[in-house]
Amino acid sequence: MAERSFVKEVEKLRLGAGEDFSGEGILAITKALLQCGVGYVGGYQGAPISHLMDVLADAQDILGELGVHFEASASEATATAMLAASVHYPIRGAVTFKSTVGINVASDALANLSSGGVTGGALIIVGEDYGEGSSIMQERSHAFAMKSQVWLLDPRPNLPSIVGAVEHGFELSEVSNTPVMLLVRIRSCHVHGHFTTADNVRPQMTVAEALDSPRRDTNRIVLPPASFLHEKEKIEKRWPAAVDYIKSNRINEFFGASDADIGIVMQGGMYNAVIRGLQRLGLADTYGETDVPLYVLNAVYPLIDSEVLDFCEGKNAVFIVEEGQPDYIEQAIAAMLHKAGRSTRVEGKGALPMAGEYTGKVMFDGLAAFMRDAAPHRLPVHIRAPNQPDDAELVSDLAKVVPARPPGFCTGCPERPIFAATKLIEEELGQHHIASDIGCHLFSIMPPFELGATTMGYGLGPASASAFNSPDAKRRSISFVGDGGFWHNGLTSSIGNAVFNQNDGVIVIVDNYYSAATGGQDILSSRASNRTKSTKHPIADAVKGMGVEWVRQIDRTYDVNAMRDTLREALTTSQTGPKVIVASSECMLNRQRREKPLLAAAIEQGQEVTKPKFGVDEDICTGDHACMRLSGCPSLSVKSLDDPLRDDPVAHIDETCVGCGNCGEVADAAVLCPSFYRADVIHNPGKWGQFLERTRRRVIKFLQQKRESRRLAFVDR
């Protein structure tokens, strides 16, 4: 159950020749694939292309009508290995996944694919993700393109350019017998716009037809001596073919004046940000028209030497706008100019930051710095002064005013009680080495839990604790892995490795029924029925199948006592070998997406619906806030009382509470206090319910009056 449905939007994929398509970038990419006659598509979800996978999943009927095969791949390596169908057959294939983390996983398949080469067009759509909001290490896909000699396109972020890049990507791949990477950032994926559509095209050959006519070419298989011949072919045939195609089809674009003493070279994906920066500097109008020469690299690898040299002819300085680091393009252009004996000065990372996302302010500051140095006469007078205060100096430092908000679990998240139980067991047995993993559960490293020492890769939490498998150790390690990471990589790399090496550590598999961190997509162990996928495969059965003998299944993680007791058993048992706890409860976000519409409809229809509501008795709460230190739920906050005799604020549960009961469970397990209560809110109560309510009110009123009558009162006479 993905976080967003595209069932309505995918109908736009049926548009024919000459019609107007309006929508998001991810929909435009899918439409472009169909217009190009793609034969198969695969991928693994991850920002910013998770929604692209969701679009493909919702469009399976349309794909099926065209004979296009789609798979939600088990990993990025699986997706890239799919492209083997394009090695011998004239079938166009496309896969998609998240930037460098995905390419890290896929690198083995990618290297072999690029070595042997392809017959049909092979397109790898990569979601690049920079900046403070990114969830990954800050690296560049560019490095992998250079390493494996895969051509890299980075189109301008508008729908016609993105669609054109998909079309050129397939043609470039086929002309040069090389896979092509198409890089799209968050803004490209979600940019809205229009383009004129073409008819969808059935594949030249479907995968079913390929199976009826098997082909093989020994020279395309990566095995000596062919693997060395592949390298010669890359240099002598494929590279020149790619350069010729990029030049002859004018993949790269030129804007602005042709005769100026300065110029700007940019990745295609940076075009909108550059134009906006130039507008703010008074160097471009509302429509992007500018007198500043612009060289837009929609193909960032390979670079075209002749285009670069022609653009730099007669210029004193050029500014390279290249997001991410290292500065591959800047170095390459500087080397070209040096070899050609040109005196053109190259500027880039000196004015722009070496790393991070090039936001509007970053771009404005960088362009202003370059123009002040290279062409100050082009700038308006009020911007020419190099020491003029910028926006950061005119406003207060928000970091000193706004409290930090580190990432954390959602309200009602079933993973929160797992780590509350872990804190309780560490209080009892002492601190342990804890290995974390990628996924929602990684939020345990932040306050209030502050658990976990490392995270080394998706599904590799238990593997990263394997070095601590010492026979002399008196304490066991604890490691976590999510259900998504478990099926992605963890079953073999972590569980199988632990069994094979007789690891004695404790492994907690956090099972929330979905690949929750990437948007709630179904996986093998999902409980929901999926019309196109096989689900409901228990994780515990897979673990036992790998040879683990000590396995415990917990089907309600909100039971903090059960979680704590099971952890204690795993850490203290005399049984050797890996101890695996499968802690299962449905992701609250997906549960709310599923249940809220049903409950709203039932209430609208007049049906009786009971919803739990939790609260804190202000008279009982002592205000020590220990409950928050073991919960951290966003709905659990503090409230100041009007009572002049009580200075400390008490615990308070706000209206965002989803009624999971975790706060009360934690209070009970930690023996904190009895101030938490549960009240059931009944919508559309029946006659019996209304009778009980009236009776309760009468009894409460009677008891209140009785208490009041016994209260000592002072009367002024």
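A.B. asks: Where do I start with the packing of aromatic side chains in this structure?
C.D. replies: To describe a pair of aromatic rings, you give the distance between the ring centres and the angle between the ring planes. Counted under the stated rule, the structure contains 17 aromatic pairs. Seen in terms of ring centroids, Phe254 and Tyr295 are 4.7 Å apart; in terms of plane orientation they differ by 5°. Their pairing is stacked. In this pair, Phe254 sits in strand S9 (residues 253-255) while Tyr295 sits in strand S11 (residues 294-297), placing the two residues 41 residues apart along the sequence. Residue class for Tyr295 comes out buried when judged on its relative accessible area of 1%. Geometrically, the ring pair formed by Phe486 and Trp487 is edge-to-face, given 4.8 Å between the ring centres and 80° between the ring planes. The pair Phe486 / Trp487 is uniform in exposure class, with both members buried. Feature note: the residues Phe409, Phe419, Phe443, Phe449 and Phe480 constitute an aromatic cluster, connected by ring pairs.

A.B. asks: Before we go on, may I ask you to explain unusual backbone geometry in this structure?
C.D. replies: Note: most peptide bonds trans; most residues except glycine with negative phi. Pro302 follows Tyr301 through a cis peptide bond whose omega is 5°. You can see Pro302 is positioned in the loop between strand S12 (299-301) and helix H13 (305-312). The linkage connecting Gln325 with the following residue, Pro326, adopts the cis geometry, with an omega of 5°. Its place among the elements puts Pro326 in the loop between strand S13 (317-321) and helix H14 (328-339).

A.B. asks: Looking at this structure, how should I read the sheet that holds strand S15 (residues 434-435)?
C.D. replies: Strands belonging to one sheet form pairs held by backbone hydrogen bonds; the direction of such a pair is parallel or antiparallel. Strand order across the open sheet formed by five strands is S15-S16-S17-S21-S20, with parallel pairing between neighbours. Looking along the sheet, the strands with just one partner apiece sit at the ends: S15 and strand S20 (550-554). With two bridges joining them, S15 and strand S16 (residues 478-482) adopt parallel strand pairing. Counted as the bridge partner of Ile434 is Ile478 from S16. Of the strands in this sheet, S15, S16, strand S17 (506-511) and strand S21 (579-584) touch helix H18 (residues 416-429), which is tilted by about 180° from S16. Strands in contact with helix H19 (residues 483-500) are S16, S17 and S21; relative to S16, the strand with the most contacts, it is inclined by about 140°.

Definitions and limits used
- Residues numbered from 1 in each chain as written.
- Predicted model: local features only at pLDDT ≥ 70, side-chain atom pairs only at ≥ 80, totals over all residues.
- Heavy atoms only, no water.
- Phe/Tyr/Trp six-rings, centres within 6.5 Å; stacked < 30°, edge-to-face > 60°.
- Helix = DSSP H or I, 4+ residues; strand = E, 2+ residues; numbered from the N terminus.
- Buried < 20%, exposed > 50% of the residue type's maximum accessible area, 1.4 Å probe, protein only.
- Pairing = 2+ DSSP bridges.
- Contact = heavy atoms within 4.5 Å.
- Axes fitted to C-alpha atoms, helices over the stretch in contact; angles between N-to-C directions.

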